[in-house]
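Given next are the chains, with one letter for each unit.
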Amino acid sequence: MKRLFYFLLPAFSLSPFLFPLAALAQTYPAKPIRVVVPYPAGGTSDILTRMIGAKFTESWGQQVLADVRPGANGNIGVEIVTRAAPDGYTLCLMDIGNLSISPSMYTQLPFDIIRDLSPITTVTFSPYLLTTHPSVPVKSVAELIALAKAKPGKLNAPVGLGSNIHLSTLSLQQRLGVVWVYVPTKGGQSSVLSVMTGDGDFLLMGVIQTWVHVKSGRLKLIAVSSEQREPTFPNVPTVAETPGLEGYSAGSWQGILGPAKLPPEIVNKLYNEVKRIVALPDFSEKLTALGSRPQAKTPQEMGNWLATEKAKWAKVVKESGYKVE
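All values derive from a computational prediction rather than experimental measurement.

Draft legend 1. Fine view of the side chain of Q173. Looking at the secondary structure, you find Q173 in helix α7 (residues 164-176). Residue Q173 is classed as buried on the basis of its relative accessible area of 12%. Within the structure, the side chain of Q173 is placed 3.0 Å from the backbone oxygen of V178, a separation counted as a polar contact. Not counting residues up to four positions away in its chain, the partners in contact with Q173 are V178, V179, W180 and Y182.

Right under this line is the structure:
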């Protein structure tokens with residue numbers, strides 16, 4: 001590609017920059033695309049990467065390779081992407097809420113989420129389900145609060161420390177003034193397994209990872225974290241319906257990013273393709289059945305959202321005093 005660029009440049013000297021960019025967008029993708037999944041296999045990001053990747057392959061004829069690189073709540077995988085060439089062949093699909101938390105939670109983050117990444121689009125929003133092990137003697141958020149107050153420091157929530165799940169649970173704790181314990185895990189699947197086996201007591205976690213276990217009876221669902229009740233389970237109350245928790249809302253925004261300086265033509269091509277995919281009836285229906293809402297924010301909207309969330313979580317982290325070295 002570089003040799004072709006320099007060979008053609010003299011012939012198009014009147015528009016030396018416009019032609020290569022336009023040609024790049026027209027030929028992209030010309031080889032397989034690597035999508036870094038910065039969490040353990042089997043989680044929401046991994047599932048969505050494979051779903052989106054299959055649709056990319058159908059329309060573009062190129063393989064999409066899921067490269068699972070877990071660690072540090074997604075930061076290890078994200079760093080790989082920030083160091084990649086900005087050519088559209090190395091991307092990341094992740095919970096972008098985690099990304100907005102990391103600058104405040106980690107004392108030595110090796111990248112800047114605004115400077116070193118190119119927002120492309122969101123894929124879906126998934127509210128969290130507040131679940132417990134079936135043996136925990138509560139049936140509502142109010143009863144969970146009462147139990148936590150009666151037994152301070154006895155209940156535990158298995159979480160990836162510094163994750164969106166951790167901070168969303170911590171935000172809930174700060175509003176309630178209760179004391180419970182956080183047990184570190186390696187990721188979403190580990191957290192869910194901990195509660196299913198009874199090692200963990202309760203958990204806020206994305207619908208895609210937990211709903212199947214709720215239906216099987218291995219997890220007990222007591223509330224949903226969205227602002228309004230979800231059409232998939234209309235009889236399940238929201239956390240915000242509990243007195244004292246009015247306005248509480250949390251959830252997982254899954255999104256796609258690339259390295260900084262990704263050409264706008266490639267960003268827009270990726271955005272438009274994801275926008276098309278999430279609107280496909282079969283894709284949309286599958287996500288809706290999992291309790292997740294397809295939604296493709298524009299690159300600008302996604303970038304603004306990241307900046308806003310970064311400021312929001314900085315306040316929560318400061319009040320909590322949590323830091324990850």
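Draft legend 2. Structural context of the packing of helix α5 (residues 96-105) against α7. Contact geometry of α5 with α7 gives a least axis separation of 9 Å together with a crossing angle of 75 degrees. Considering the angle they form, α5 stands roughly perpendicular to α7. In contact with G97, N98, I101 and M105 of α5, α7 contributes N164, H166 and L167. Residue classes in the contact of α5 with α7 are distributed as three nonpolar, four polar and no charged.

Draft legend 3. Looking closely at the environment of K154. Looking at the element boundaries, K154 is found in the loop between α6 (141-150) and β5 (156-159). Take K154: its relative accessible area is 62%, and that puts it in the exposed class. C-alpha separation for the pair K154 and V179, spaced 25 residues apart in sequence, amounts to 8.2 Å.

Draft legend 4. Quick look at unusual backbone geometry. In this chain, Y28 is followed by P29 through a cis amide linkage whose omega measures -5 degrees. With respect to the helices and strands, the residue P29 is situated in the loop between α2 (18-27) and β1 (33-37). Residue A72 is not a glycine yet carries a positive backbone phi of 55 degrees. Note on placement: A72 falls in the loop between β2 (64-68) and α4 (75-82). Despite not being glycine, N73 shows a phi value in the positive range, around 55 degrees. Among the secondary structure elements, N73 is positioned in the loop between β2 and α4.

Definitions and limits used
Residues numbered from 1 in each chain as written. Predicted model: local features only at pLDDT ≥ 70, side-chain atom pairs only at ≥ 80, totals over all residues. Heavy atoms only, no water. Helix = DSSP H or I, 4+ residues; strand = E, 2+ residues; numbered from the N terminus. Buried < 20%, exposed > 50% of the residue type's maximum accessible area, 1.4 Å probe, protein only. Polar contact = N/O pair within 3.5 Å; in protein donor to acceptor, adjacent residues only side chain to side chain. Contact = heavy atoms within 4.5 Å. Axes fitted to C-alpha atoms, helices over the stretch in contact; angles between N-to-C directions. Parallel < 35°, antiparallel > 145°, perpendicular 65-115°, else oblique. Nonpolar A, V, L, I, M, F, W, Y, C, P; charged D, E, K, R; others polar.

So far we have only geometry, and geometry alone does not tell us how the molecule works.
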